Amino acid sequence: MGRTSAYFQADWFGPAVISVLAVLVIGLIDRAFISPAALDVLILAVALNGMIVLSQMVVIAIGQMNLSVGGIGGLAAISFAGLMQVQGLPPVAAAAIALLIGVAAGLFNGWLIATTGISAFVITLASLSLFKGINLGITSAQPFYEIPAVVKAFGSEALFDMLPFLSLPTIVIAFALMVLLTRMPLGRNILAVGANPGAVALTGVSLKWTVIAAHVISGFLAAAAGVMAVARLQIGLPTIGDDWLLLSFAAPVIGGAVLSGGHVSVGATLWGVAIVAIITQALVLFKIDPYLVQAVLGLLILWAVGINRWREVRARKGEGKL
Amino acid sequence: METARYAFEARSVSKFFPGVKALSEVSLKLSAGSIHALLGENGAGKSTLIKIVTGVYQPDQGSLFCSGQACRFSGPRDAMAAGIGVVHQERNLIPRFSIAENIFLERNGRHLFRMIDYKALAREARPWLERLGLDLDPALPVSRLTVAKMQMVEIARALALRSRVLLLDEPTASLTPHEAEALFAVLRKLRDEGVSMLFVSHKLEEVEQLCDTVTVLRDGNNVCDARSTESLGRQDFVHLMIGRTEQVVTRRDREQEDVPPFLELKSVSSALGHRDISLAVRPGEIVGLYGLVGAGRSELAKVIIGRYPVTAGEIRVDQAPVKIRSVAQAIHRHGIGYVSEDRKHEGLILDHSVLENAGITVWRRLANCLGLVGDRSIRALVEPHIRKLEVRTPSLHQKVGLLSGGNQQKISVAKWLSAGVKLLIIDEPTVGIDIKSKAYLHELIHELADKGTAVLLISSDMPEMISLADRIVVMNAYRVQGELANTGEYAKVSAGIMNLIHD
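Scope of this entry: the structure provided in the associated data block. Residue numbers restart at each chain and count upward from 1, following the sequence in its written direction. Whichever chain is written first becomes A and whichever ligand is written first becomes 1, with later ones labelled in order. Restriction of local features to residues with pLDDT of at least 70 applies here, the model being predicted, together with a cutoff of 80 or more for giving and counting side-chain atom pairs; totals for whole chains, interfaces and linings are based on all residues. The basis for every side-chain value is the complete set of heavy atoms in the structure, and neither hydrogens nor water enter the calculation.

## Observations concerning the pairing of strand 12 (residues 277–281) of chain B
Residues and elements named next belong to chain B.
Part 1 of the argument: For strand 12, the tally of buried residues reaches 4 of 5 residues, placing the bulk of the element in the interior.
Part 2 of the argument: Here strand 11 (residues 263–270) runs beside strand 12; their pairing, made up of 4 bridges, is antiparallel. Considered in strand 12, the bridge of Val 268 is made with Ile 277.
Part 3 of the argument: Hairpin connection of strand 11 to strand 12: 6 residues between the antiparallel strands, including Gly 273 at a positive phi of 115°. Accessible area is worked out with a 1.4 Å probe on protein chains only. A residue is then buried under 20% of its type maximum, exposed over 50%, and partly exposed in between. Under the scheme used here, helices are H or I runs from DSSP no shorter than 4 residues and strands are E runs no shorter than 2 residues, and both carry numbers assigned from the N terminus. Any two strands are treated as partners once DSSP identifies two or more bridges connecting them.

## Some thoughts on the interface of chain A and chain B
Part 1 of the argument: Here, two residues are considered to be in contact whenever any of their heavy atoms come within 4.5 Å of each other. Listed as interface residues are 27 residues of chain A and, on the opposing side, 30 residues of chain B.
Part 2 of the argument: Here chain A and chain B share an interface that buries about 2,400 Å² over both sides, 61% of which is from carbon and sulfur atoms.
Part 3 of the argument: The term salt bridge refers to a pairing of a side-chain nitrogen on Lys or Arg with a carboxyl oxygen on Asp or Glu at a separation within 4 Å. At the junction of chain A with chain B, the criterion picks out 1 salt bridge.
Part 4 of the argument: Between Arg 188 of chain A and Glu 101 of chain B there is a salt bridge whose closest N-O contact spans 2.6 Å.
Part 5 of the argument: Polar contact is defined as a pair of N or O atoms within 3.5 Å, subject to the rule that within protein one atom must be able to donate a hydrogen and the other to accept it, and that residues adjacent in sequence are counted only when both atoms are side-chain atoms. Counting every contact that joins chain A to chain B gives 10 residue pairs in polar contact (both at pLDDT 80 or more).
Part 6 of the argument: Of all the secondary-structure elements, those providing two or more residues to the side of chain A that touches chain B are helix 8 (167–183), helix 9 (185–195) and helix 10 (197–202) of chain A.
Part 7 of the argument: When residues of the side of chain A that touches chain B are assigned to their parent elements, the largest contribution, 7 residues, is made by helix 9 of chain A.
Part 8 of the argument: Nonpolar residues are Ala, Val, Leu, Ile, Met, Phe, Trp, Tyr, Cys and Pro. Charged residues are Asp, Glu, Lys and Arg, and all others, Gly as well, are polar. For the side of chain A that touches chain B, a count of residues per class yields 15 nonpolar, 9 polar and 3 charged. Using a 1.4 Å probe, buried area is obtained as the accessible area two parts lose upon being combined, added over both of them.

## Remarks on the pattern of salt bridges
Part 1 of the argument: A full pass over the atoms with the stated rule returns 19 salt bridges over all chains.
Part 2 of the argument: Lys 132 of chain A is paired through a salt bridge with Asp 242 of chain A; the nearest N and O atoms lie 2.8 Å apart. Of this pair, Lys 132 of chain A sits in helix 6 (residues 120–139) while Asp 242 of chain A sits in the loop between helix 11 (207–233) and helix 12 (245–254), and the two are 110 residues apart along the sequence.
Part 3 of the argument: Ionic contacts of the salt-bridge type, sharing partners, join the residues Arg 282, Glu 285, Arg 471 and Glu 483 of chain B into one network.

## Some details on the packing of aromatic side chains
Part 1 of the argument: Classification of ring pairs uses Phe, Tyr and Trp, with its six-membered ring standing for Trp, and accepts pairs whose centres are within 6.5 Å; under 30 degrees between planes counts as stacked, over 60 as edge-to-face, and the remaining range as tilted. A complete count under the given rule lists 4 aromatic pairs over all chains for this structure.
Part 2 of the argument: Seen from their ring centres, Phe 154 of chain A and Phe 165 of chain A are 6.3 Å apart, and the 25° between their planes marks the pair as stacked. Of this pair, Phe 154 of chain A sits in helix 7 (residues 149–156) while Phe 165 of chain A sits in the loop between strand 2 (163–164) and helix 8, and the two are 11 residues apart along the sequence.
Part 3 of the argument: Sitting over the ring of Phe 97 of chain B, Arg 188 of chain A keeps its end group 4.0 Å from the ring centre.
Part 4 of the argument: By the criterion adopted, a ring carries a charge over it if an Arg CZ or a Lys NZ lies within 6 Å of its centre and within 35 degrees of its normal. Arg 107 of chain B extends its terminal NZ or CZ atom over the ring of Phe 104 of chain B, reaching a point 4.5 Å from the ring centre.

## A word on the nonpolar core
All names here are of chain B.
Part 1 of the argument: The criterion is simple. A nonpolar core is a set of buried Ala, Val, Leu, Ile, Met, Phe, Trp, Tyr and Cys residues joined through side-chain atoms within 4.5 Å. Grouped together as the largest cluster of nonpolar side chains are 87 residues, with contacts concentrated most on Ile 155, Leu 187 and Leu 190.
Part 2 of the argument: Broken down by element, this core gets its largest block of residues, 9 residues, from helix 6 (residues 147–160).
Part 3 of the argument: Both domain 1 (2–242) and domain 2 (263–501) contribute no fewer than three residues apiece to this core.
Part 4 of the argument: Those residues in contact with Leu 190 that sit more than four places away from it in its chain are Arg 131, Leu 132, Ile 155, Leu 159, Leu 166, Val 195 and Met 197. Domains are outlined according to an automatic or database domain assignment.

## So, the sheet that holds strand 12 of chain B
What holds strands together in a sheet is hydrogen bonding between their backbones, with the strands either parallel or antiparallel.
Residue and element names in this part refer to chain B.
Part 1 of the argument: Read from one edge to the other, the open sheet built from 4 strands follows the order 12-11-14-15, with strand pairing classed as antiparallel. Unpaired on one side and paired on the other, strand 12 and strand 15 (320–322) mark the two borders of the sheet. Strand-to-strand twist of the sheet, defined as the mean angle between neighbouring strand axes without regard to direction, takes the value 20°.
Part 2 of the argument: Where strand 14 (residues 310–317) and strand 15 come together, 3 bridges link them in antiparallel fashion. Residue pairing across strands places Arg 316 opposite Pro 321, the latter belonging to strand 15.
Part 3 of the argument: Across the sheet, helix 10 (residues 297–304) touches strand 11, strand 12 and strand 14, and the angle it forms with strand 11 is around 110°. In this description, a line fitted to the C-alpha atoms serves as the axis of each element, helices being fitted only across the stretch in contact, and the angle between N-to-C directions of two axes falls anywhere from 0 to 180 degrees.

## What about the packing of helix 4 (residues 69–85) of chain A against helix 11 of chain A?
Residue and element names in this part refer to chain A.
Part 1 of the argument: Contact geometry for helix 4 and helix 11: axes closest at 7 Å, N-to-C directions at 50°. With respect to helix 11, the axis of helix 4 lies oblique. At the point where helix 4 passes helix 11, the crossing takes the right-handed sense. Together, Val 69, Ile 72, Gly 73, Ala 76, Ala 77, Phe 80 and Ala 81 of helix 4 and Ser 218, Gly 219, Ala 222, Ala 223, Gly 226, Val 227 and Val 230 of helix 11 make up the contact between the two elements.
Part 2 of the argument: For the contact of helix 4 with helix 11, the per-class residue count stands at 10 nonpolar, 4 polar and no charged. Angles are sorted into four bins: roughly parallel if under 35 degrees, roughly antiparallel if over 145, roughly perpendicular if 65 to 115, and oblique for all others. Left-handed is the label given to a crossing in which the near helix is rotated counterclockwise from the far helix by less than a right angle, and right-handed is the label when the rotation is clockwise.

## Section: the side chain of Thr 215 of chain B
Residue and element names in this part refer to chain B.
Part 1 of the argument: Tracing the backbone shows Thr 215 in strand 9 (residues 213–218).
Part 2 of the argument: A distance of 2.6 Å separates a polar atom in the side chain of Thr 215 from a polar atom in the side chain of His 36.
Part 3 of the argument: Only 3.2 Å separates the side chain of Thr 215 from the backbone nitrogen of Ala 226, close enough to count as a polar contact.
Part 4 of the argument: Ignoring sequence-local partners within four residues, the contact set of Thr 215 consists of Ser 27, Leu 28, His 36, Ala 37, Leu 38, Leu 39, Asn 222, Cys 224, Asp 225 and Ala 226.

Here's what the structure looks like:
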């Protein structure tokens, strides 16, 4: 297999080509799409959504799902905003506590799943409702308005007027996850458990702690996304996280993730986020009914799942076996 | 220290399960630098013994010795640590990981945050691959390998764990003859290097060709223990496995009428790999389909009921050539039913009631003009059958999953009785069922045939086959090896069957 064909087969190749082509084509139709301001909005969307999606991707890697990413994110967001407004905590301390809440929520999910053997679907469906309920109990559905200027600046300004500050955490986390999943035994164990739990159990790696680790990482990333959402929206809305779920599955699937576990790609998943962001923005630009965005996203998932299935069937036919 | 001669020894090991003595004072001695065969018919206790050797089960009596030292395994990990490497029938690899990473999966998992050095891993993996004569890039993902090469990678992994004993469970089951030959060459080389191997196989020609010593089990007992294979031939293995003593078989002679067959297969080939299959089943006749695990019998049943396509040849039902495209067609148009061997996954819906399970085949027939099915009409049709079979259930609304295996199996047969099929394919009807239910089921199958139903019986249980079938068709490797009339003489018929399989 030559180096060039390796690129064609890589998971990120298809979504990357589609993203770049889409930007160029839509840009040709309407120059406004590639204006600096519009590109800025695009990058901000990818930065925030990227964090949400990576949080889901880690759990997909072990062959499970985390329906509570939005619940955790929302709880972390209002905790962050509330601790600053009500308790007067400095932003860094408030953010640290919000992230700890995310870790605790992930631990709760992971521990219940690993020790009870109940499916992740049921556990995280229940905990989604639990986290959302705590959120509404604390806020009475009222937003926190007093967000410090430094947080607002973090959500709206850019490093050297080029790279939005908001994209920095996502870049760091994406890189760290890439290293974790390709080079570190913990990440390899997460993928191996997703692919063949029986084989992993025989190597002496604890299935239980591997599952818990994945959910803890997921909770941490969901909380980070919640904090970033407050900075981006400049307000501590209790509804943060409510609309994350569909996206969080769409992007990994577009990026070729296997939902039964064992295979995810950070790069391809982020390109998946880009595709979703581009389509959403283009529909806004062309003044298409926003409700249609939802329908298009659904079709996109079906298309991506279809492609993945086709690849899988082709691989099973045993072409090119050595 | 007499036992130090053996790399591994199981001495007078017994294992009990509720109501069954699976192993009774069985011994197994594995010497370094030799290949040892473990033989036995289905149900002889082979898999129980394997599970004891690999630490899955603990023996209730007797003891295990590794290189002369007494040892206890409280789980598979202990057995591995004691130097017993296992290559299971199912693959224990991570497909997307590289060959090298799979070989060192065990070692890498320990330090969660230490960076993996893939170059060093590949370098270390290479000698193990070379030892097995494999010229493969250790960086290749395992998913790109054939099954035979994947198996080699598992052997390499076992060796890399410094195993002194290598257990190979049916290693040739999914290999081509050519691949099996290559595997044997590797195993012989390992033997000459001093590795002790336990080779579990149904294929006697392989045992004859490859193994130095043999242990044979029958009904949970040692028939022989580490006997040299030098003077033994294929016939001797067969004798050892099935025993010389006449098995008691109750068999009823049935009047055979000379009627045209209900189902006839003429040189049928299938997408699953069947070649040139010809057989016929007459109304009122029980035709047995015997073969070893993996001979393609259940798969043939699924071809007949339209789950998989026929690629060549012809299927005739009632003398008319037919193309059965779906299971629904098989049932409703042609009256062909199939009782699956896997009753938990393909036969019954464990969470549904007895009534729902037994009635599932007749819903379509009973549906009224609105397409609705009433419980009462199902009950009227189903209840007599359930009563006749003496299914022990508190009520027809009991969940099937809560009944015993024998009663579950009765229901999976009962649902076909109410469907009124003309041909019933019954796959391994009595696996995992107590003796009393087994007798009931046999009686039931006889009754079905007496009433004129054509029965195609798939079974790996030789006494069952000989007590039920009128004729026995023997399959091996997705082909028909031959056919014999069942005279009911156990020794003669079973030897005839074994000879057909191993020819």
